[in-house]
Amino acid sequence: MLRRRTIDSPVGPLTLYASGEALHAILWPGENPRRVRLGESVDATSPLLDEAIRQLGQYFAGTRQAFDLPLQEDGTDFQRRHWAALRAIPYGETRSYAGLAAQLGTPRASRAVGAANGRNPLSIVTPCHRALGSGGSLTGFAGGLAAKRWLLDHEARHRAPAGPG
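The present account deals with the structure reproduced in this document. Quick caveat: nothing in here was measured; it's all calculated off a predicted structure. (Residues numbered from 1 in each chain as written. Predicted model: local features only at pLDDT ≥ 70, side-chain atom pairs only at ≥ 80, totals over all residues. Heavy atoms only, no water.)

**A look at the packing of helix α1 (residues 47-61) against helix α5 (residues 145-158)**
Convention followed: Each axis is a line fitted through C-alpha atoms, taken for helices only over the stretch in contact, and angles between the N-to-C directions span 0 to 180 degrees. What counts as a helix is a DSSP run of H or I of at least four residues, what counts as a strand is a run of E of at least two, and both are numbered from the N terminus. Should an angle fall under 35 degrees it is called roughly parallel, over 145 degrees roughly antiparallel, and 65 to 115 degrees roughly perpendicular, with every other angle called oblique. We call two residues in contact when some of their heavy atoms are within 4.5 Å. Amino acids outside the nonpolar list (Ala, Val, Leu, Ile, Met, Phe, Trp, Tyr, Cys, Pro) and the charged list (Asp, Glu, Lys, Arg) are all regarded as polar, and Gly is one of them.
Where α1 meets α5, the closest approach of the two axes is 9 Å, and the angle between their N-to-C directions is 70°. As summarised for this structure, α1 and α5 are arranged roughly perpendicular, according to the angle between their axes. Contacts between α1 and α5 involve Y59, F60 and A61 from the first element and W150, L151, H154, E155 and H158 from the second. Within the contact of α1 with α5, the residues separate by chemical class into five nonpolar, two polar and one charged.

**Some words on the nonpolar core**
Applied cut-off: Nine residue types can take part in a nonpolar core, namely buried Ala, Val, Leu, Ile, Met, Phe, Trp, Tyr and Cys, and a core is a set of them joined through side-chain atoms within 4.5 Å. Each residue is placed in one exposure class: buried if its accessible area under a 1.4 Å probe, protein chains only, is under 20% of its type's maximum, exposed if it is over 50%, and partly exposed if it falls in between.
L16, L23 and I124 are the most contacted members of the largest nonpolar core, which totals 35 residues. Elements represented by at least two residues in this core include exactly β2 (14-18), β3 (23-27), α1, α2 (77-88), α3 (97-103) and α5. With seven residues, α1 is the single largest residue contributor to this core. Discounting residues that sit within four places of it in the chain, L23 has contacts with L16, Y17, A18, L48, L49, A52, L69, P70, L71, Q72, L122 and V125. Ranked by size, the runner-up nonpolar core spans five residues in total, among them L2, Y17, A25 and V36.

If you want it as structure tokens, here you go:
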């Protein structure tokens, strides 16, 4: 049975789901239950949920740029590879769906990349908001396009300047 906690954030309420070993999901209000399938859960606390909430708080405060949490990603091999590619996008940067598809060795699979993005169970921690459509267009996001824009602007404000050289 998963434990869940709902927190307030600058982009609205987020519900976190975890087992004793890993964070399973961070979901937005009104999520389509078919987007991310989870087993039964109860409102409860756990050390892992407490740590995830602490790290999210640091992220929203602009003092954390990467997360250090054990993750449980239930998906296909392609989805898991895509989610790993999302986590490799540096804080404050973006990539196109086409660029991500090429990076995964499947340059014709930008639609599959978009579909994998849409199935990301770990919003923010696996930063699907950093994936953009062609020409830098904002495209579908489970939290809504206003939340996606807020996250991108937040990271742009808090990104460390590039060093010399």
